[in-house]
Amino acid sequence: DFRWLAMELLGGALSQIVRILPSERLSKHTATYVAKWTLRAIQACHQRNIIHRDIKPANFLIRPNKDYPIVLIDFGLSRIYADESGTPLEPREHPGFIGTCAFASVHAQKGMELSKRDDLISWLYSIVYLIDYLPWPGRKNRAKTKEIKEHILPAKLFRKLPKQFIDIYNNVMNLSFFD
C-alpha cells in the first residue's frame, strides 16, 4: 500500500560552498579540478542529446564519489536538441530568453535558440564565478550584462584562471549552433 522513491543523498551546491569559504572563492587549483568534473557532467548530459540551458554553480552538487564527484541537477529548462541519430534539431526562430542572466550566453540574452555551445559558455562563466567575481551586474541590469559579455576581453575575464581557459573560451565562442 506504500510507494517509495529512493534518491541519492547529495552534498551542497558549488554556489553554497563558495559562499561559506572565508575568501568566498575557490583556489586556482580547486577551480581547475571543479572545471574538469563539471564539464564531464555537462558532457554526460549532451551525450543523451539534452542541452541543460541553465548551467550555473547552483546546479552542480557535490557527492562522496571519487569517480563522479560532481552532479548536474535541475533539468527544468532542459531540452532535447537532437534526434535519436544525434542530428541536431533545427533552431526555432524566437524562443525567448532562457537561463539565468549572470551565467547565460549572449545568444540566450538575444532570445536565440540555445545549443551545446551555450551550455559551455555558461560553464565558463560559472568557473569564473567560482574563482573571481563576474564583471557584470546580472539580472539587476540585463542590458548592461549583455553589453559587457559582448565586449569583454578573455584575458580580463579569465585573469585568475590558467591561460588555457582563454583558448577554451575562444574555441567555444567560435562554435556554431550545430557544433
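Please refer to the structure higher up on the page.
Residues numbered from 1 in each chain as written. Predicted model: local features only at pLDDT ≥ 70, side-chain atom pairs only at ≥ 80, totals over all residues. Heavy atoms only, no water.

Another aspect to go through is the layout of surface pockets. In this model, the largest pocket occupies a volume close to 310 Å³. Lining of the largest pocket is provided by 14 residues; of these, Arg-40, Ala-41, Ala-44, Cys-45 and Arg-48 occupy positions nearest its centre. Contributions of two or more residues to the lining of the largest pocket are made by helix H2 (28–46) and strand S3 (70–72). Here the residues of the lining of the largest pocket are counted per class, giving 10 nonpolar, 1 polar and 3 charged. Of the volumes computed, that of the second largest pocket is approximately 170 Å³. Taken together, Thr-100, Cys-101, Ala-102, Pro-137, Gly-138, Arg-139, Lys-140 and Arg-142 make up the full set of residues lining the second largest pocket. Residue composition of the lining of the second largest pocket, by class: 3 nonpolar, 2 polar and 3 charged. (1 Å grid on protein atoms, 1.4 Å probe; cavity = no way out; pocket = protein on both sides within 12 Å on 5 of 7 lines; lining within 4 Å. Points joined across faces, edges and corners; volume = space filled by probe spheres on them. Helix = DSSP H or I, 4+ residues; strand = E, 2+ residues; numbered from the N terminus. Nonpolar A, V, L, I, M, F, W, Y, C, P; charged D, E, K, R; others polar.)

Okay, helix H7 (residues 164–173) next. Side chains that are three or four residues apart share a direction in an α-helix, a result of its 3.6 residues per turn. Turning to H7, its buried residues are Phe-165, Tyr-169 and Val-172. Buried residues of H7, viewed axially, fall in a sector of 70 degrees; they line one side. Check the buried side of H7 and you find it contacts H2, helix H4 (116–131), helix H5 (142–151) and helix H6 (154–157). (Buried < 20%, exposed > 50% of the residue type's maximum accessible area, 1.4 Å probe, protein only. Arc of directions from axis to C-beta. Contact = heavy atoms within 4.5 Å.)

Take the packing of aromatic side chains next. Within the structure shown, the criterion is met by 8 aromatic pairs. Seen in terms of ring centroids, Tyr-125 and Trp-136 are 4.9 Å apart; in terms of plane orientation they differ by 70 degrees. Their pairing is edge-to-face. Taken together, the positions of Tyr-125 in helix H4 and Trp-136 in the loop between H4 and H5 put the pair 11 residues apart, joining distant regions of the chain. No difference in accessibility class separates Tyr-125 from Trp-136, as the two residues are buried. Cluster of aromatic residues (ring-pair linked, three or more members): Trp-123, Phe-158, Phe-165 and Tyr-169. Positioned above the aromatic ring of Phe-97, the side-chain terminus of Arg-142 is 4.6 Å from the ring centre. (Phe/Tyr/Trp six-rings, centres within 6.5 Å; stacked < 30°, edge-to-face > 60°. Lys NZ or Arg CZ within 6 Å of the ring centre and 35° of its normal.)

Further remarks concern the side chain of Ser-122. Here Ser-122 is to be found in helix H4. Of the residues examined, Ser-122 reaches a relative accessible area of 7% and is grouped as buried.

Before going further, it helps to examine the environment of Thr-100. Here Thr-100 is to be found in the loop between strand S4 (79–80) and helix H3 (106–109). Given the relative accessible area of 23%, Thr-100 is considered partly exposed. In this structure the C-alpha to C-alpha distance between Thr-100 and Lys-56, which are 44 residues apart in sequence, comes to 7.7 Å. The residues contacting Thr-100, other than those within four sequence positions of it, are Asp-54 and Lys-56. In terms of polar contacts, Thr-100 uses its side chain to reach the side chain of Lys-56, at 3.1 Å. (Polar contact = N/O pair within 3.5 Å; in protein donor to acceptor, adjacent residues only side chain to side chain.)

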